[in-house]
Amino acid sequence: MKRISLALAATGIVILTAGAAEARDQLHIVGSSTVYPFSTAVAEEFGKSGKFKTPIVESTGTGGGIKLFCAGVGEDSPDIANASRKIKDSEIETCKANGVTAITEVPIGYDGIVLANSKSHARFELTVKDLWLGLAKEVPVNGALVANPYKTWKDVNPALPAEKIEVLGPPPTSGTRDAFVELVMDKGCKGVPEIDAIKDEKAKKGACGSIREDGAYIDAGENDNLIVQKLEANPAAVGIFGYSFLEQNEDKLQGSIMDGVEPTFENIVDGKYEVSRTLYFYVKNQHEGQVPGIREFIAEFTSDKAAGEEGYLADKGMIPFPADMLKKVQQSAASLTPMM
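Residues numbered from 1 in each chain as written. Predicted model: local features only at pLDDT ≥ 70, side-chain atom pairs only at ≥ 80, totals over all residues. Heavy atoms only, no water.

As annotated in an unreviewed UniProt entry, the protein carries the name PstS family phosphate ABC transporter substrate-binding protein and comes from Dongia rigui.

Caption draft 1: Structural detail: helix α13 (residues 294-301). The set of residues buried in α13 consists of Ile294, Phe297, Ile298, Glu300 and Phe301. Looking down the long axis of α13, one finds its buried residues gathered within 160° of arc, a one-sided arrangement. (Buried < 20%, exposed > 50% of the residue type's maximum accessible area, 1.4 Å probe, protein only. Helix = DSSP H or I, 4+ residues; strand = E, 2+ residues; numbered from the N terminus. Arc of directions from axis to C-beta.)

Caption draft 2: Structural view of the state of the cysteines. The full count for this structure, using the stated rule, is 2 disulfides. The disulfide partner of Cys189 is Cys208, and the gap between their sulfur atoms is 1.8 Å. Because the sign of the S-S torsion sets the handedness, a value of about 80° for the bond joining Cys189 and Cys208 places this disulfide among the right-handed ones. Here Cys189, found in the loop between α7 (175-188) and α8 (193-196), pairs with Cys208, found in helix α9 (residues 201-209); they are 19 residues apart in sequence, far enough to count as distant. Here the cysteine-cysteine linkages of the protein are recorded as 1-2, 3-4, numbering only bonded cysteines and doing so in sequence order. (Disulfide = S-S within 2.5 Å.)

Caption draft 3: Highlighting the packing of helix α2 (residues 36-48) against α13. Between α2 and α13, whose axes approach to 10 Å, the crossing angle comes to 115°. The element α2 and its partner α13 pack so that their crossing is right-handed. Contacts between α2 and α13 pair Phe38, Ser39, Val42, Ala43, Glu45 and Phe46 from the former with Glu296, Phe297, Glu300 and Phe301 from the latter. In the contact of α2 with α13, the residues fall into 6 nonpolar, 1 polar and 3 charged. (Axes fitted to C-alpha atoms, helices over the stretch in contact; angles between N-to-C directions. Left-handed = near helix turned anticlockwise from the far one by under 90°. Contact = heavy atoms within 4.5 Å. Nonpolar A, V, L, I, M, F, W, Y, C, P; charged D, E, K, R; others polar.)

Caption draft 4: Geometry of empty space enclosed by the protein. Within this structure, the stated rule accounts for 1 cavity of 30 Å³ or more. Looking at the largest cavity, its volume works out to about 60 Å³. Elements with a minimum of two residues in the lining of the largest cavity: α10 (224-233) and β10 (238-242). Classifying every residue of the lining of the largest cavity by side-chain character gives 4 nonpolar, 7 polar and 2 charged. (1 Å grid on protein atoms, 1.4 Å probe; cavity = no way out; pocket = protein on both sides within 12 Å on 5 of 7 lines; lining within 4 Å. Points joined across faces, edges and corners; volume = space filled by probe spheres on them.)

Caption draft 5: A look at the side chain of Lys284. Among the secondary structure elements, Lys284 is positioned in strand β13 (residues 276-284). Despite its burial, Lys284 pairs with no opposite charge, the nearest such side chain being Asp79 at 6.5 Å. For Lys284, the contacting residues outside a window of four places in its chain are Phe69, Gly72, Val73, Ser77, Pro78, Asp79, Val100 and Ala102. (Lys, Arg positive; Asp, Glu negative; His and termini not counted. Salt bridge = Lys/Arg side-chain N within 4 Å of Asp/Glu carboxyl O.)

Right under this line is the structure:
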């Protein structure tokens, strides 16, 4: 009898959860500030059809969005999480622990990570090594790793201007911050003898990716518009954000040349500009059939009209996949193929 009671109780919970999700008739999307303008454009186009309400899209940062997404199943939890990096194994485990047991990963295109400053100042020409030396928490001095002493870019590299190092960038919860560490900081520390001498891989990764906290790097939050305002106020400062945001503000900002390559749409597509990453969104499959419009929204987002080489998302700065790759994405997304 006890087992029967427990089974009934469990069934009751499932019924309540499904009913709760079904009570909402509007998609709720959270996550990456980089993916936000693309997701918003799709949501607006989706809402124009008149069949479904325009989805609510919130910019919470990748980490914050996935945390909300993984909190559970039901009316109060989001249906989709936008991400400027892949979901982490630890986040998947959190999802599972909270009953989110079926997730579909949908890659949507590429984006470059750019460093940019005001057009009223000379354009910066940097390397990943320059950036690592300028922003790492500890750098080599006389054979030992010490707290970063560099105050100006000229201290880092004599070829750079004698101007204060001031970089405005995303917070630790941001996928852009994670990607910047992977694509810039981790590459910039390669071949540094003092780093290579660290035997413990976890400690080595920490030494490469830890960013200084003495004011040279300023956590500007998830509001990229605020970074633009600060770059206009201080032309010698540099901001970190997605290429799409640089394109939207090309009248005010210019992208820094990285390792000899300018951040342009063509250079990112060709793979010449190496500081680029894949963008994603994640779908809570358990809400399909409970919240109306999930499959239809996915179809709109991955359609040739939106994500194709001539799609409206390319006009907003997203770098589209090649046609054959997009076709595979469309097929996987349409079938809601779970990643777990």
